[in-house]
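Descriptive structure summary
The chain contents come next:
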Amino acid sequence: MSGVARISGQQDGDGLLIKLGEAVRALRKARGLSQEALADAAGIDRSHMGKIERGERNVTIMNIARIASALNAKPSDILGAAGL
């Protein structure tokens, strides 16, 4: 694959998922959490969390809310950090 995430048969040409994943990763690391610890706290499978951080998964608003809660943040903090 050319480094562009696929979304339900379409490509993420704008890189939105990659930006979102990078924001999640940065916030997670800033809070000193492992990917596994964040996934557990958010109730998301660790391998799915890895795909989110790599921009390989289209993230639902529910999962953004779960991740934000696990990071003691608001969904808007994650979206803002991603420049969205």
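The coordinates are above.
The structure presented is a predicted model; accordingly, all values stated were derived computationally and were not measured. (Residues numbered from 1 in each chain as written. Predicted model: local features only at pLDDT ≥ 70, side-chain atom pairs only at ≥ 80, totals over all residues. Heavy atoms only, no water.)

**Some words on helix α1 (residues 16-30)**
If you check α1, its first and last C-alpha atoms are 21 Å apart, about what 15 residues at 1.5 Å a residue would give, namely 21 Å. All buried positions along α1 are accounted for by L17, L20, G21, A23, V24, L27 and R28. Angularly, the buried residues of α1 cover 160° about the axis, an arc narrow enough to put them on a single face. When the buried face of α1 is taken as reference, the exposed residues oriented beyond 90 degrees from it are K29 and A30. The positive-phi residue at the C-terminal boundary of α1 is G32, with phi of around 70°. (Helix = DSSP H or I, 4+ residues; strand = E, 2+ residues; numbered from the N terminus. Expected span 1.5 Å × (residues − 1). Buried < 20%, exposed > 50% of the residue type's maximum accessible area, 1.4 Å probe, protein only. Arc of directions from axis to C-beta.)

These figures come from the coordinates and say nothing about function on their own.
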